[in-house]
Amino acid sequence: QVQLVDSGGGLVQPGGSLRLSCAASGGIFSIKNMGWYRQAPGKERELVATIGVNTNYADSVKGRFTISKDSAKNTVYLQMNSLKPEDTAVYYCSMVIEQNKYLRNYWGQGTQVTVSS
């Protein structure tokens, strides 16, 4: 089956930047949609951004984060600028993938983003 590997997290100061990446592999498939979610301690997992036909952003990150993709590499990126402490969370890549005529939502393992002085 398909596996998603996300990476790029780390410790950054407020106002800093990080770029997350997530690549899908594991056979012949078609990616229908890509997105990033995050989950802070004690909080529900929330949508950060998605990209398919259109792009969509959570209000909290609009203007600071940019989602992009490289379809040839089955990869989605999240450029995060002007990071704030409240952006601290585990960030998860997600993709809706068609394989063998079945649709399924896949998740990466998560990458930690910590914004702190």
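Fair warning: this is a prediction, and the values are worked out from it, not measured in the lab.

Draft legend 1. Representation of the sheet that holds strand β1 (residues 3–7) within the structure. The strand order across the open sheet built from four strands is β1-β3-β8-β7, with neighbouring strands paired in antiparallel fashion. Since the sheet does not close on itself, it has two edges, and those belong to β1 and β7 (65–70), each with one partner. Across the sheet, the mean angle from the axis of one strand to that of its neighbour is 15°, orientation sign disregarded. Pairing geometry for β1 and strand β3 (residues 18–25), over five bridges, is antiparallel. For Gln3, the partnering residue across the bridge sits in β3 and is Ser25.

Draft legend 2. Representation of the packing of aromatic side chains in the model. Inspection of every chain in the model, using the stated rule, returns one aromatic pair. Across from the ring centre of Tyr77, 4.0 Å away, lies the NZ or CZ of Arg19, which sits over that ring. Directly above the aromatic system of Tyr92 lies the positively charged group of Arg45, at a separation of 3.9 Å from the ring centroid.

Draft legend 3. View of the state of the cysteines. For the structure on display, the rule yields one disulfide. Bridging Cys22 to Cys93, the disulfide has an S-S length of 2.2 Å. An S-S torsion of about -80° defines the bridge between Cys22 and Cys93 as left-handed. Separated by 71 residues along the polypeptide, Cys22 in strand β3 and Cys93 in strand β9 (residues 89–99) bring together distant segments of the chain. When sorted by exposure, Cys22 lands in the same class as Cys93, which is buried.

Cut-offs applied
Residues numbered from 1 in each chain as written. Predicted model: local features only at pLDDT ≥ 70, side-chain atom pairs only at ≥ 80, totals over all residues. Heavy atoms only, no water. Pairing = 2+ DSSP bridges. Helix = DSSP H or I, 4+ residues; strand = E, 2+ residues; numbered from the N terminus. Axes fitted to C-alpha atoms, helices over the stretch in contact; angles between N-to-C directions. Phe/Tyr/Trp six-rings, centres within 6.5 Å; stacked < 30°, edge-to-face > 60°. Lys NZ or Arg CZ within 6 Å of the ring centre and 35° of its normal. Disulfide = S-S within 2.5 Å. Buried < 20%, exposed > 50% of the residue type's maximum accessible area, 1.4 Å probe, protein only.

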